[in-house]
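# Descriptive analysis of the structure
Okay, here's what each chain looks like letter by letter:
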Amino acid sequence: MSDTANEMASDFGIVIMAAGKGTRLRSARPKVLHQVGGRALLLHVIAAAETTVPADRIAVVVGHQAEQVQAAAAHTGVHFVLQPQQLGTGHALQCVRDWYRDSGTVAPEHLLVLSGDVPLIRPETIARLCDAHLQQHAAMTILTAIPPDPTGYGRVLRKADGDVDAIVEQKSLTPDLLSHPERLREINSGIYAFRTDALFQRLGELRNTNSAGEFYLTDVAAMLVRDGERVVAVAADSVDEVLGANTIAEMMHLDASLREATTQRLMAAGVTIFRPETVTVDAGVEVGADSVLEPFTQLLGNTRVGSGCRIRSYSVVEDSTLGDDVLLRNGCILSQATVEDGALLGPYAHLRPGSRIGRAAHVGNFVETKNTTLGAGSKANHLTYLGDAEVGTGTNIGAGVITCNYDGVHKHRTVIGNGVFVGSNAALVAPLRLEDGSFVAAGSCITDDVPSGALALGRSRQVTKPDWASRKKQMPEPEVR
Ligand code: UD1
Ligand code: MG
């Protein structure tokens, strides 16, 4: 934030309008909880707002499915103002005015109003808007842009001196205005700075006598102009950061734009991304230098990848932490997992929540782990399920080994020590301990603990019948009736 805005930040409060239903989405989920770049629209806007003022100076207007919206943003520490019926953006601000009055909270001198459905707004732009608002002693400062297609947005009409005359909603454009398209190119972003008293004094005057039957916040602009107050417009640097997310198509446009910014950020920090347009990386993901992302990889949520890693195609990593020099071969699926330096996974490994893979350990193809620790240098290379297990270091888990962790009612743990050898296709029935240096014979079903250094076999002995095949051939054919 610039110096002026910093000095003045204490005079600003922020309102985020997030009560609307999002009719144009045709979705059961409230609009502001739809995601772009892997994060709810509202959380993007709150994050931007928090760069300007602390969370306790931010009020979020909630209404449609208020409880759900509130639950999703409660951790941020913002205030919530209820707009019980969604009668328009002007009405949303009436609810804010009443909330200040009724809660006894002193309203700040200026209010920055953000829209919950304009998620890509950057802190720098917010700061520039606040600066311009203060410097120009404006009653209202509107953030605007000139997109290739302004259809659907409110349009900012300017006076000859460049100040704002009015905002006219798309639905209220008269034939006269429509005959001058060159005057209708500048859109209202739905983001404004107001002098609070100037705004609050006019909210009571709003009327809903428009085709939408809503109280438009945008009508305040013309009222202020009428009263000789100054209304100015500030153009955003990039069009995308002020675009609204009213339809799924608009959201996917913003999603692509945000993800492109994320891959650009990572590449600038030394990450190689092949065919970056094919990868899906959420906004908050961090990847260390010299790591490589192959095409069609997905890094989601709160994921951290160290340096020197290679994530091969079709791997999906969510809320997981990878150390340095980790190789994820193709098609690995990780969720809430931790992988330490130098580990080697896949292809097609499935790490479910609570999986901790130790330094230089191997987890091979079609191996599933859940709530399991695999110690440093241990290997489970083929076709295995390790659930609720703790495996020490330098242990080998043979192909097809299964921890039988569920008895139909409860989950039980399997504890396997260091340097253990578990033969292929062993079923380990938990609760069970295989102590350090023990061996389990291939094909065993193990139900009892195995002491250190012991060999456990749990299968029937092989029976071999010599010449059985040729004797069978000499047997008479059974009679067919
Ligand atoms: C609004 C502006 C329009 C601007 C556009 C930019 C008005 C009247 N129009 O139109 O000039 O170009 O944003 O994106 O303001 N909301 C409430 N309570 C309500 C209604 C809406 O909190 O009663 C919230 C919505 O959840 C949303 C925001 O306000 O986050 C904007 O509402 P929306 O219905 O999307 O307005 P637009 O038609 O996009
Ligand atoms: Mg909108």
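Now for a description of the structure that goes with this document. None of the values given here were measured: they were computed from a predicted structure. (Residues numbered from 1 in each chain as written. Chains lettered and ligands numbered in written order. Predicted model: local features only at pLDDT ≥ 70, side-chain atom pairs only at ≥ 80, totals over all residues. Heavy atoms only, no water.)

## Structural notes on the coordination of the magnesium ion (ligand 2)
Spelled out, the test is: Each metal's donors are the N, O and S atoms within 2.8 Å of it, or within 3.2 Å when it is Na, K or Ca, and because water is not part of the set, sites may look incomplete. Where helices and strands are cited, they refer to DSSP runs of H or I of at least four residues and of E of at least two residues respectively, numbered from the N terminus. Between buried and exposed lies partly exposed: a residue is buried under 20% and exposed over 50% of the maximum accessible area for its type, with that area taken using a 1.4 Å probe on protein chains only.
Each protein donor to the magnesium ion (ligand 2) is listed here as Asp 117 (OD) and Asn 246 (OD1); together their distances run 2.1 to 2.3 Å. With Asp 117 in the loop between strand 6 (110-115) and helix 5 (123-135) and Asn 246 in the loop between strand 11 (231-235) and helix 9 (248-268), the pair connects residues that are 129 residues apart, well separated along the chain. There is no split in this pair, since Asp 117 and Asn 246 are both buried.

## Some details on the sheet that holds strand 14 (residues 286-287)
Let me state the cut-off plainly: The criterion for strand pairing is that DSSP finds at least two bridges linking the strands in question.
Across the sheet, which stays open at both edges, the nine strands sit in the order 14-17-20-23-26-29-32-35-38 with parallel pairing between neighbours. Whereas interior strands pair on both sides, the edge strands pair on one side only; in this sheet they are strand 14 and strand 38 (432-434). With two bridges joining them, strand 29 (residues 373-374) and strand 32 (residues 389-391) adopt parallel strand pairing. Paired with Leu 374 across the two strands is Val 391, which belongs to strand 32.

## Digging into the environment of Arg 207
Worth spelling out the cut-off: Contacts between residues were defined by any pair of non-hydrogen atoms, one from each residue, lying within 4.5 Å.
Topologically, Arg 207 is positioned in the loop between helix 7 (196-203) and helix 8 (219-226). In this structure, Arg 207 is in contact with Glu 214, Phe 215 and Asp 219, ignoring residues within four places of it in sequence.

## Quick notes on a negative patch on the surface
Selection rule: Residues form patches when they are more than 30% accessible in relative terms and have no salt bridge. Like charges link within 9 Å. Nonpolar side chains (Val, Leu, Ile, Met, Phe, Trp, Tyr) link within 5 Å. Values of accessible area rely on a 1.4 Å probe in the Shrake-Rupley scheme; residue burial ignores everything except the protein chains shown. By definition here, a salt bridge exists when the distance from a side-chain nitrogen of Lys or Arg to a carboxyl oxygen of Asp or Glu is within 4 Å. Positive charges come from Lys and Arg, negative ones from Asp and Glu, while His and the chain ends are left out of the count. Here the site of a charge means atom NZ of a Lys, CZ of an Arg, CG of an Asp or CD of a Glu.
A cluster of acidic residues, Glu 435, Asp 436, Asp 448 and Asp 449, forms a negative patch on the protein surface. When you line up the elements, Asp 436 lands in the loop between strand 38 and strand 39 (439-440). A relative accessible area of 40% places Asp 436 in the partly exposed class.

## Some words on the packing of aromatic side chains
Rule in force here: Each pair of aromatic rings taken from Phe, Tyr and Trp, with Trp reduced to its six-membered ring, is defined by centres within 6.5 Å and is described as stacked if the planes are under 30 degrees apart, edge-to-face if over 60, and tilted in the remaining cases.
Applying the stated criterion to the full structure yields six aromatic pairs. Ring centres of Tyr 192 and Phe 194 lie 5.6 Å apart, and the angle between their planes is 40°; this geometry places the pair in the tilted category. Summarising the burial analysis for this pair, Tyr 192 and Phe 194 share the class buried. With a centroid separation of 5.5 Å and an interplanar angle of 10°, the aromatic rings of Tyr 348 and Phe 366 are classed as stacked.

## Some remarks on the nonpolar core
Test applied: In this description, a nonpolar core means a group of buried Ala, Val, Leu, Ile, Met, Phe, Trp, Tyr and Cys residues linked to one another through side-chain atoms lying within 4.5 Å. Each domain's limits were defined by an automated method or a database of domain assignments.
One finds Ile 16, Leu 42, Val 60, Leu 112 and Leu 114 to be the most contacted residues of the largest nonpolar core, which totals 50 residues. Ranked by residues supplied to this core, first place goes to helix 2 (residues 41-50) with seven residues. Of the residues that make up this core, three or more belong to each of domain 1 (3-242) and domain 2 (248-456). Sequence-distant contacts of Leu 114, defined by excluding residues within four places in its chain, comprise Ile 14, Val 15, Ile 16, Met 17, Val 45, Ala 49, Ile 126, Gly 190 and Ile 191. With 45 residues, the next largest nonpolar core counts Val 279, Val 367, Val 440 and Val 450 among its residues.

## Things to note about the environment of Ala 337
Its place among the elements puts Ala 337 in strand 23 (residues 337-339). Between the alpha carbons of Ala 337 and Val 317 there is a distance of 8.7 Å; along the sequence they are 20 residues apart. Residues within four places of Ala 337 in sequence aside, it is in contact with Asp 319, Ser 320, Thr 321, Leu 351 and Ser 355.

## Points about the sheet that holds strand 27 (residues 362-365)
Taken in spatial order, the eleven strands of this open sheet run 12-15-18-21-24-27-30-33-36-39-41, and their pairing is parallel. Only two strands of the sheet have a single neighbouring strand rather than two, namely strand 12 (272-273) and strand 41 (455-456). Alignment of strand 27 against strand 30 (residues 379-382), held across three bridges, turns out to be parallel. Looking across to strand 30, one finds that Asn 365 is bridged to His 382.

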